[in-house]
Amino acid sequence: MKKNVLLFFFICFCGTAFSLDSLSIKKRTVAILDLTARNAETSDAELYSAKHILKVAGLPFIVTTNVNLAIKYGTVIPSSKFDASTFTTIEKDSIISYVNRGGILITASVRDSYFYPLFGITPNNTPTPQNKISLNTSSADQSMRWLNDTMETTISLGRLSYPTVITTRDYAISTAQEMGHYEDLTSAITRNTYGAGTAYALGFSFKNL
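Residues numbered from 1 in each chain as written. Predicted model: local features only at pLDDT ≥ 70, side-chain atom pairs only at ≥ 80, totals over all residues. Heavy atoms only, no water.

A.B. asks: I'm lost on the overall build of the protein in this one. Help?
C.D. replies: Helix and strand counts for the protein stand at six helices and nine strands. The buried share among the 209 residues of the protein stands at 53%. Looking at the protein alone, contacts between residues at least 24 apart form 71% of all its contacts between residues at least 6 apart. Of the roughly 9,600 Å² of accessible surface on the protein, a fraction of 53% belongs to carbon and sulfur atoms. (Helix = DSSP H or I, 4+ residues; strand = E, 2+ residues; numbered from the N terminus. Buried < 20%, exposed > 50% of the residue type's maximum accessible area, 1.4 Å probe, protein only. Contact = heavy atoms within 4.5 Å. Areas by Shrake-Rupley, 256 points an atom, 1.4 Å probe, with all protein chains shown as cover.)

Structure, rendered in structure tokens:
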């Protein structure tokens, strides 16, 4: 069940993305941007989880720590969070330009305000304890047609009786579209059209979910 909510994102962009026609890229290959060292993570668990999702989805991918290499591919999935110190300013601008030119970016836990306009969210997103995510299947977004099972549309993050559950992040929306929300109706998953591309913000890490 928990795998399905992540596979949903890869299903939804496979049919509608990859519009970087002016670049010499492998449109159908995903670039996983390995942020393990950049975010000073103690293990490669986040990277492992991102790789596992793409393997289950059956999508070809490469793994790189190089931003300039990653943005030569039609879709970029960073392995973990976007903190203020994760990238240099030049790298941040390159990522934003990549989406503007038609790239697809799917990011877990956006914390750097530099990227807020790219994702269409406002600066007051904060970590909050949540117990479930409900996907907005009633929206006009065509990608929602793939979700036809109740175990796919509502994802448990932990029982209400548990004193703690996985760490999540909610987003306040400016220009983004809400793709899913928590039980308190704050946004858990957002999708923002930016130029010719699209940026998704996830309120959870690949490893935790």
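A.B. asks: I'm lost on the pattern of salt bridges in this one. Help?
C.D. replies: A side chain with one charge can pair with a side chain of the opposite charge if their charged atoms come near. Applying the stated criterion across every chain yields a total of three salt bridges. For the salt bridge of R38 with E91, the shortest nitrogen-to-oxygen distance reads 2.9 Å. Note that R38 is positioned in the loop between β1 (30–33) and α2 (45–57) and E91 in helix α4 (residues 89–100), a separation of 53 residues in sequence. Notably, a salt bridge pairs D83 with K81, separated by 3.3 Å at the nearest N-O pair. Of the residues examined, K81 reaches a relative accessible area of 25% and is grouped as partly exposed. (Salt bridge = Lys/Arg side-chain N within 4 Å of Asp/Glu carboxyl O.)

A.B. asks: Could you clarify how one ought to interpret the pairing of strand β8 (residues 187–194) in this entry?
C.D. replies: Where a strand is regular, its side chains alternate between the two sheet faces. Most of β8 is tucked away: six of the eight residues are buried. Pairing between strand β7 (residues 177–182) and β8: four bridges, direction antiparallel. Following the sheet pairing, E178 is matched in β8 by T190. Hairpin connection between β7 and β8: a loop of four residues separates the two successive antiparallel strands, and L185 in this loop has a positive phi of roughly 75°. (Pairing = 2+ DSSP bridges.)

A.B. asks: What exactly am I supposed to notice about the side chain of S187 here?
C.D. replies: For S187, the position within the fold is in strand β8. Residue classification places S187 among the buried positions, given a relative accessible area of 6%. Side-chain polar atoms of S187 contact the side chain of E178, separated by 2.6 Å. What S187 contacts, discounting residues up to four positions off in sequence, is R169, D170, Y171, I173, E178, G180, H181 and Y182. (Polar contact = N/O pair within 3.5 Å; in protein donor to acceptor, adjacent residues only side chain to side chain.)

A.B. asks: Could you clarify how one ought to interpret the environment of I106 in this entry?
C.D. replies: Position of I106 relative to the elements: it lies in strand β4 (residues 104–108). The exposure class assigned to I106 is buried, which follows from its relative accessible area of 0%.

A.B. asks: How should I be thinking about the nonpolar core in this particular structure?
C.D. replies: General note: in soluble globular proteins, nonpolar side chains tend to be found buried as a group. In this structure, I133, I189 and F206 are the most contacted members of the largest nonpolar core, which totals 27 residues. Where this core is concerned, the elements lending two or more residues are β1, α2, β4, β5 (132–135), β7, β8 and β9 (197–202). With four residues, α2 is the largest single contributor of residues to this core. The next biggest cluster of nonpolar side chains, apart from the first, holds 24 residues, and it includes A31, I71, Y73 and F115. (Core = buried A, V, L, I, M, F, W, Y, C linked by side-chain atoms within 4.5 Å.)

A.B. asks: For this particular structure, what's the right way to read the packing of aromatic side chains?
C.D. replies: Describing an aromatic ring pair means giving the distance of the ring centres and the angle of the ring planes. Tallied over the entire structure, the rule returns five aromatic pairs. Taken together, a centroid distance of 4.8 Å and an interplanar angle of 50° make the contact between F82 and F115 tilted. Separated by 33 residues along the polypeptide, F82 in the loop between β3 (75–78) and α4 and F115 in the loop between β4 and α5 (116–119) bring together distant segments of the chain. A single burial state applies to F82 and to F115, both of which are buried. Judged by centre distance (6.1 Å) and plane angle (75°), the rings of F87 and F115 are edge-to-face. One end of the pair, F87, is in the loop between β3 and α4; the other, F115, is in the loop between β4 and α5, and 28 residues separate them in sequence. Assessed through its relative accessible area of 6%, F87 is described here as buried. Pairwise contacts between aromatic rings join F82, F87, Y114, F115 and F119 into one cluster. Between K92 and the ring centre of Y114, over which it is positioned, the NZ or CZ distance is 5.2 Å. (Phe/Tyr/Trp six-rings, centres within 6.5 Å; stacked < 30°, edge-to-face > 60°. Lys NZ or Arg CZ within 6 Å of the ring centre and 35° of its normal.)

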